[in-house]
Each structure stands twice: as structure tokens, then as C-alpha cells.
Amino acid sequence: MTAGAAPSQASFEALIARISALHPKRIDLSLDRMRGLMERLDHPERKLPPVIHVAGTNGKGSTVAYLRAILEASGLRVHVFTSPYLVRINECYRLGAVGGGKLVGDDELRATFEDCERVNADNPITIFEMETAVAFCLFAKHPADVALLEVGLGGRLDSTNVVETPLASVITPVSMDHMEFLGDNLTAIAGEKAAIIKRKVPVVSAEQAPDAMAVIEAEAHRMRAPLHAAGQQWHVGVERGRLVYQDERGLLDLAAPKLFGRHQFDNAGLAIATLRAIDTFKLNIAAFEAGIVSAEWPARMQRLVSGTLVCQGPQGSEVWLDGGHNAEGGRVAAAALGDLEERVSRPLVVIAGMMANKDANAFLANFAGLTRHIIAVPVPGRDNGMAPDKLADAARALGMRVEIATGVDAALQRLATLAYEVPPRILITGSLYLAGPVLAANGTPPA
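The name that an unreviewed UniProt entry assigns to the chain is Dihydrofolate synthase/folylpolyglutamate synthase, with the source organism given as Bradyrhizobium macuxiense. Quoted verbatim from the Sequence similarities (unreviewed entry) heading of the UniProt record, the comment on the chain is "Belongs to the folylpolyglutamate synthase family." In its Cofactor (unreviewed entry) section, the UniProt entry covering the chain states "Mg(2+)".

Here it is as C-alpha cells:
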């Protein structure tokens, strides 16, 4: 950062701190605060381009990335709101433009936050509610053909759910996460996610566990919303390394996704099914394939091929980064590692850091058959991060050999001192709040 940029950055951080101080004294998930702010802002949520609303536990960001890439490949302007950010808050806001969108600039983002802060007038508000309000104001101001909105938490009481009539409601795989807010069983959690379904608006669902699908089907029926469910109205699979998608309108034989892992075929299929279900944009096969092979989404089985941190690890090693943080996220990352092992065998080391409210045992259990070497690290700058010794205890209970390091850099330096016959495959994982600092320290932040 240049000397001239420091005061500007400091003032923005002070602005975020002021807004964070307005957080309600108790956690009460509600849309009342958001609706009040929308009214005071003259309802920007009613002035958006057509909206595709995406909820679910895992795969939301990747599905949004495929949607954006396919739509942009057709020459459309696509606004995108996602969370959380990895390095800079600007990542949450992509403004659509012909030829591809760009992250919102610092000055416009700061000015929009300041406008929303002024209008809110010190009323209680959560930081995510304010971030969502900023997205609506930005997207209402800039013309575009479509806006993609990712739910932050749950769905029913998420601040994005003030949008009344989207083009489609999309539900990625639902699993156990955020139980303190959403409920302690899959039926309850699915009910929170399914509450984004709007009357007569198409619903597109990934393949779900039976309990979750039953809830989604019931809510779609209640809202008279046409349901397009994986394994029922549409199918996606892998044949000869290619993505094969089929629905009542026909079959698409497409190149494999650029994003790595078998689960990415499912996420790409969900994006394709969504765009074919609404059929608003009359996309051709070339757009679908171009989007599938170009979509990028950082910290989701992302190969780090160079950078400051990578250079500190063993020479010739593979370094992968994944922000998975729950049991299902661990499962798909482990499956991707299994695929890599079948192609080129290497010893696997997992460097893990997690938040304190996550189930470390359920997450790490996915890797028990792949590695016996875990290095536990803290999540930088997070008071609510899991203590590395607690994470290490969970790994030991699974029969894994565990070390504790002060950070990812120290872990990589430690591995560089070991004698490997074959350079190792290293996965850095456990939290998006770990992945962000890793990308920053490596000098490879999201563009």
C-alpha cells in the first residue's frame, strides 16, 4: 500500500467499525431491520435487474461463478453479490459490464457504504445487512441484464430475502452447518433454505438427502413454484471426462469444468439447469461450454502454483487451497484429493485451521484414509478461531499424527525440512477465514 492510500484505507476501516458497533445486542434473525432500511433508501431492492437467488450449504459460490461465466459468455451484463470476501470487501460486489464485470472500485464502495450509514441513522443493523443494502444500491444504480444474489446465512431471514420476485430460486446441497442459528437437524435447516422459494417462481435444486428434498418439494408445492430437481427433472454426469447434462429439452455434451473436483460437475449442472429452467436469455450451447471451462472461484480446491508462501514449502510440492469448513465440505475436498492421488501419487499433508464453532472431528474424519499427517494452525486475526491444540486433539482422536505450527508459513517451512522421496501434496483448508490470509500472504489475492 502506498503512503497516500493509507488514510483512505484507514477511514474505510473506521466506517466498517462504526457500522459493526450498531450490531443488535442480541442475535435475532429478522427481516424487520432490513425492510426498514430498504424503505428509508427508497427500495433499491425493487429496482434491480432480474435476480437469480442462490441458497444452500455448500457450492453456492461455485454455482454463482458458473452462472456468471455462462451469462457473460453470452455477452450479458451480470451483477454479483457473494460473501464472505477473502482479502478485500470489494470481492463481494461485481458490477456487470459488456465484456465481463469488474469488482466495484474503492471510492464508489466507500461512498455507498457512507450513504447507507447516513440513511440508517444509527439504528441497530448487522454488518451483513448493511453489506446487502450496499449491494442493492450499487446494483440499482448500474444497468445490467441480471443480478446474482448469494444468501449469506440460511434463507428465510437472510437479508437478501427481501427480494420479492426473482427469476429463479436455486438451492445447492443442504447439509449440517450453522446449527446454532438454523436448527440441529437437516429438516429444520432445509426449511430455512427452502424459504427463499417464491410463489410461482421456478425452483432449481441440486441433489439432496431425502429429508432435505422432502422439505423443498413441500415448499415448492405450497408456493405453486415449478420444481426442477437433480435426478428428477434433470441429470448431470461424467462420461469420458466430459460433462453430460440432460433434461426434457435434450442433452448437452460439454467439456469438463475448469474448477477441480467431481462436485464441480454437480455445481455446473445446477447452473445449467437454472438457466434452462428460466429460459429468459436464450443461451446457446457455445455459451454453456465457454462458461463451464472459464469459471473461476478462488479457495475452492485452488492450485497455488507460485507465490511467496508456496516458495516456502518443499521444492516440487503441490499446494492446494480449499475453504471447506464443514463435514460435507471436507468430503468433497477429500474426494478431489482421491482423484488426484489416482492420477499422480504423492504423500498428503493437511494444514488445517478452523473457526471455534465448527465440528473439527466431522471435518477431519474425511481425510483419515488419505493422510496421517495434520498440521494445526490458528486462523489469523480471528478471536473466534479454534485453538490449534483443540484442533490437534480432534486429529489425534482420529489416529492422525499431528503437529502444531504458529501459522501456515511456519508449517510450510517445517515441511521443507523433511526428507520426502516424492514431494508432497499439501492441502491448506478448514476455513475461508484462513484461505483469505493465505492468498494475501502468497501475493495471489482474488482479482
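Student: Looking at this model, I keep getting lost on the overall build of the chain. Mind explaining?
Tutor: Helix and strand counts for the chain come out as 15 helices and 17 strands. Scaling as 2.2 N^0.38, a compact globule of 447 residues should have a C-alpha radius of gyration of about 22 Å, and the chain matches this with 22 Å. Dimensions of the chain along its principal axes, counting C-alpha atoms only, are 60 × 55 × 45 Å. Across the 447 residues in the chain, those meeting the buried criterion constitute 55%. Carbon and sulfur atoms provide 51% of the accessible area of the chain, an area that totals close to 18900 Å². Taking the average location of the 44 positive side-chain charges in the chain and that of its 50 negative ones, the two points are 2 Å from each other.

Student: Just checking my understanding: could you explain the nonpolar core for this structure?
Tutor: Side chains of nonpolar character tend, in soluble globular proteins, to be buried together. I52, I70, L71, L148, I272, L275 and F288 are the most contacted members of the largest nonpolar core, which has 39 residues in total. Among the elements that make up this core, the one with the highest residue count is helix α9 (residues 262-278) (8 residues). Other than its neighbours up to four places away in sequence, L148 contacts I52, V64, L67, R68, L71, V78, H79, V80 and F81. Listed in part, the 35 residues of the second largest apolar core include I16, F128, A133 and L149.

Student: Can you help me understand the sheet that holds strand β17 (residues 425-429) in this one?
Tutor: Adjacent strands of a sheet form backbone hydrogen bonds with each other and so pair up, either parallel or antiparallel. On the basis of which strands lie adjacent, the open sheet formed by 6 strands has the order β12-β13-β17-β14-β15-β16 and mixed pairing. A single partner strand is all that each edge strand has here, and the edge strands are β12 (302-303) and β16 (401-404). Here strand β14 (residues 348-352) runs beside β17; their pairing, made up of 5 bridges, is parallel. Among the inter-strand pairings, V349 is bridged to a residue of β17, identified as I426. Sitting on the sheet, helix α14 (residues 408-416) touches β14, β15 (373-376), β16 and β17, and the angle it makes with β14 is about 160°.

Student: Sorry if this is basic, but what is going on with the pattern of salt bridges here?
Tutor: Side chains carrying opposite charge are able to pair once their charged atoms draw close together. Within this structure, the stated rule accounts for 27 salt bridges. The salt bridge involving E72 is made with R68; its shortest N-O contact spans 3.0 Å. Of the two residues, E72 and R68 are both situated in helix α3 (residues 60-73); the distance of 4 residues between them amounts to about one turn of the helix. E72 sits in the buried class, given a relative accessible area of 19%. Note on R68: relative accessible area 17%, which makes it buried. One salt bridge connects D279 with K282, and the closest N-O pair in it is separated by 3.3 Å. Classification of K282 by relative accessible area gives exposed; the value is 63%. One network of salt bridges, in which partners are shared, links E239, R240, R242, D253 and E289.

Student: How should I be thinking about the domain arrangement of the chain in this particular structure?
Tutor: By a frequent convention, interface size equals the accessible area lost on bringing the separate parts together. We note that the domain assignment places domain 1 (10-294) and domain 2 (302-442) within the chain. Placing a centre on the C-alpha atoms of domain 1 and another on those of domain 2 gives a separation of 28 Å. Counting residues at the interface gives 14 residues for domain 1 and 19 residues for domain 2. Summed over both sides, the interface of domain 1 with domain 2 buries roughly 1200 Å², with 65% coming from carbon and sulfur. Counting every contact that joins domain 1 to domain 2 gives 0 salt bridges. One can count 1 residue pair in polar contact (both at pLDDT 80 or more) joining domain 1 with domain 2. Tallied by class, residues from the side of domain 1 that touches domain 2 come to 5 nonpolar, 6 polar and 3 charged.

Student: Got a minute to help me understand the pairing of β14 in this structure?
Tutor: Successive residues of a regular strand alternate their side chains across the two faces of the sheet. Where burial is concerned, most of β14 is hidden: 5 out of the 5 residues are buried. Alternating residues of β14 divide into L348, V350 and A352 and V349 and I351, and every residue in both groups is buried. Across 3 bridges, the pairing between β14 and β15 is parallel. Bridge pairing in β15 links V350 to I374.

Each value, and the rule that gives it
- Residues numbered from 1 in each chain as written.
- Predicted model: local features only at pLDDT ≥ 70, side-chain atom pairs only at ≥ 80, totals over all residues.
- Heavy atoms only, no water.
- UniProt positions renumbered as here; feature names shortened; annotations may be inferred.
- Helix = DSSP H or I, 4+ residues; strand = E, 2+ residues; numbered from the N terminus.
- Rg over C-alpha atoms; globule rule 2.2 N^0.38 Å.
- Buried < 20%, exposed > 50% of the residue type's maximum accessible area, 1.4 Å probe, protein only.
- Areas by Shrake-Rupley, 256 points an atom, 1.4 Å probe, with all protein chains shown as cover.
- Lys, Arg positive; Asp, Glu negative; His and termini not counted.
- Charge placed at Lys NZ, Arg CZ, Asp CG, Glu CD.
- Core = buried A, V, L, I, M, F, W, Y, C linked by side-chain atoms within 4.5 Å.
- Contact = heavy atoms within 4.5 Å.
- Pairing = 2+ DSSP bridges.
- Axes fitted to C-alpha atoms, helices over the stretch in contact; angles between N-to-C directions.
- Salt bridge = Lys/Arg side-chain N within 4 Å of Asp/Glu carboxyl O.
- Domains from an automatic or database assignment.
- Buried area = accessible area lost by both parts, 1.4 Å probe.
- Polar contact = N/O pair within 3.5 Å; in protein donor to acceptor, adjacent residues only side chain to side chain.
- Nonpolar A, V, L, I, M, F, W, Y, C, P; charged D, E, K, R; others polar.

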